[in-house]
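Overview (structure and organization)
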Amino acid sequence: MTVSGTEGTVSRPQLGRDAGYVFGAQVLAIGLGFAVNAIAARTFAATEFAALSWSLTWLAWLALCAQLGLMQAGTVIMATEGDAALAARLRSIVRAVAINGVVVGVLWWLVLGPLIAGASEDADAYRSMIVAVALWVPVAAVAPVVAGMLRGLHRFRDAAFYGEYVRRVILLAAIATVVVTGAAREASTVATITLAVESAIAIAVIVALDHSAQRRRPVEPIDAVSLRRRGLAFVLPTIDAPLIPQAGVWILALVRPATEVAVLSVGVGISFIFGLPVFVGARVLGPRYARLYAEGGQLRS
């Protein structure tokens, strides 16, 4: 079975390979998430483990807010415009997401973070993570967007290598560093190490992609207003999807001790397994649907 497109035909084995890359990367991310929880729970005091879990759930949601739908928009843009557009689109989309991330990070640092942490049980533990999360938001927002653009170009293997598991590998290494060096076993120390390494990796990936894209034919750049307008169509479902399961962790932190927050955060991580088939299908078929829709528009015109 094949599906026609501008790049020839897409065979069922190719769809299977692409799904395998997405599935494998996500399973690895989930498995490493369990490993991070298990090791962190045995390494840190309960309040520190809860603070780390609390900060990571907030980081994930704040990064989605900073993206403003540009991860999905970037996938669609690259699926419809192809490799020739990578250089111009990479710079414009990464720039827009990074600016959004800085704005969201500042709002978290000055307003939302202190307000939420101050109203929580074990407030001091949560306050210690506010600055780390604020600095982390831009890179946490940019990384999935770059991976989405690669999927839009059907570079699923490259996107898989730069998947969500990267942060969890760094977290494990950061925890090991804290244990080996005898540093303070605090969530903020692990977060700082992870932020520094993840930022360096993100910069290296973007520079490498930009360098390789320079060899391709340049295209007309897209203005910032049009780019953000294209992303707005995806904002509500993107932000809403993880809100309900993660909100449980945030609400519990307001009324219950950190030990109970830590337990719930592990349960939320387990719950994401059940949405894996839909997740894989959307990531694999989304770029192909976008390309077919664009081809249909050209035929209609």
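The rules behind the values
Residues numbered from 1 in each chain as written. Predicted model: local features only at pLDDT ≥ 70, side-chain atom pairs only at ≥ 80, totals over all residues. Heavy atoms only, no water. Helix = DSSP H or I, 4+ residues; strand = E, 2+ residues; numbered from the N terminus. Buried < 20%, exposed > 50% of the residue type's maximum accessible area, 1.4 Å probe, protein only. Contact = heavy atoms within 4.5 Å. Areas by Shrake-Rupley, 256 points an atom, 1.4 Å probe, with all protein chains shown as cover. pLDDT = per-residue confidence, 0-100. Axes fitted to C-alpha atoms, helices over the stretch in contact; angles between N-to-C directions. Parallel < 35°, antiparallel > 145°, perpendicular 65-115°, else oblique. Left-handed = near helix turned anticlockwise from the far one by under 90°. Nonpolar A, V, L, I, M, F, W, Y, C, P; charged D, E, K, R; others polar. Core = buried A, V, L, I, M, F, W, Y, C linked by side-chain atoms within 4.5 Å. Phe/Tyr/Trp six-rings, centres within 6.5 Å; stacked < 30°, edge-to-face > 60°. Polar contact = N/O pair within 3.5 Å; in protein donor to acceptor, adjacent residues only side chain to side chain. Patch = residues over 30% accessible without salt bridge, like charges linked within 9 Å, V, L, I, M, F, W, Y side chains within 5 Å. Salt bridge = Lys/Arg side-chain N within 4 Å of Asp/Glu carboxyl O.

Before going further, it helps to spend a moment on the overall build of the chain. Counting secondary structure elements, the chain contains 14 helices and two strands. Within the chain, the fraction of its 301 residues that count as buried is 47%. Intrachain contacts of the chain at a sequence separation of at least 6 include 81% that bridge at least 24 residues. Accessible surface, the chain: about 14,300 Å² in total, of which carbon and sulfur atoms supply 68%.

Mean pLDDT over the chain works out to 80, with 78% of the residues at or above the 70 mark. Every residue in residues 1–9 scores below 50 in pLDDT, and together they form 18 contacts with partners more than four places removed in sequence or on other chains.

Attention shifts here to the packing of helix H3 (residues 70–81) against helix H6 (residues 130–152). Working note: a packed helix pair is described by the angle between its axes plus the distance between those axes. Contact geometry for H3 and H6: axes closest at 7 Å, N-to-C directions at 25°. Taken together, the axis directions place H3 and H6 in an arrangement best described as roughly parallel. Considering only the axes of H3 and H6, their crossing is right-handed. In contact with Leu70, Met71, Gly74, Thr75, Met78 and Ala79 of H3, H6 contributes Pro144, Val145, Gly148, Met149, Arg151 and Gly152. Across the contact of H3 with H6, the residue classes tally to seven nonpolar, four polar and one charged.

Ranked by size, the top nonpolar core spans 71 residues in total, and within it Trp54, Leu62 and Trp108 carry the most contacts. Among the elements that take part in this core, H6 stands out by supplying 16 residues, more than any other. When neighbours within four sequence positions are excluded, Trp108 is seen to be in contact with Trp54, Trp58, Leu62, Gly113, Pro114, Ile116, Ile130, Val133 and Ala134. With seven residues, the next largest nonpolar core counts Leu32, Ala160, Tyr165 and Ile170 among its residues.

Before going further, it helps to spend a moment on the packing of H3 against helix H10 (residues 224–232). Packing of H3 against H10 leaves a shortest axis separation of 8 Å and a crossing angle of 110°. As judged from the angle between their axes, H3 and H10 are roughly perpendicular. Contacts between H3 and H10 involve Leu70, Ala73, Ile77 and Glu81 on the former and, on the latter, Leu227, Arg230 and Gly231. Classifying every residue of the contact of H3 with H10 by side-chain character gives four nonpolar, one polar and two charged.

Applying the stated criterion across every chain yields a total of four aromatic pairs. Look at Trp54 and Tyr126: their rings are 4.8 Å apart centre to centre, the planes differ by 40°, and that puts the pair in the tilted class. Highlighted residues: Trp54 in helix H2 (residues 46–67) and Tyr126 in helix H5 (residues 123–127), separated in sequence by 72 residues. Residue Trp54 shares its accessibility class with Tyr126, and that shared class is buried. Three or more aromatic residues joined by ring pairs make a cluster, and in this case those are Trp54, Trp58, Trp61, Trp108 and Tyr126.

A few words now on the side chain of Thr43. Mapped onto the fold, Thr43 is located in helix H1 (residues 12–43). Residue Thr43 is classed as buried on the basis of its relative accessible area, which comes to 13%. Within the structure, Thr43 has its side chain in polar contact with the backbone oxygen of Ile39 (distance 2.7 Å). When residues no more than four places from it in sequence are discounted, the contact partners of Thr43 are Ile175, Val179 and Arg185.

Here the focus is unusual backbone geometry. Most peptide bonds take the trans configuration, and most residues that are not glycine carry a negative phi. Phi is positive for Leu68, close to 50°, though the residue is something other than glycine. The topology assignment puts Leu68 in the loop between H2 and H3. When its relative accessible area of 30% is taken as the criterion, Leu68 is described as partly exposed. Here the phi dihedral of His154 falls at roughly 65°; this positive angle occurs in a residue that is not glycine. Mapped onto the elements of the fold, His154 is located in the loop between H6 and helix H7 (156–161). Residue classification places His154 among the buried residues on the basis of a relative accessible area of 17%.

Another aspect to go through is the side chain of Ser55. Looking at where Ser55 falls in the secondary structure, it is placed in helix H2. A polar side-chain atom of Ser55 sits 2.8 Å from the main-chain carbonyl oxygen of Leu52. Ignoring sequence-local partners within four residues, the contact set of Ser55 consists of Met129 and Val133.

A grouping of Ile99, Val102, Val103, Val106, Leu107, Trp109, Leu110, Val111, Val131 and Leu135 is seen on the molecular surface, where their side chains present a nonpolar patch of about 930 Å² in accessible area. Those elements that place two or more of their residues in the nonpolar patch are helix H4 (86–118) and H6. In terms of residue count, H4 provides more of the nonpolar patch than any other element does, eight residues in total. Structurally, Val102 is set in helix H4.

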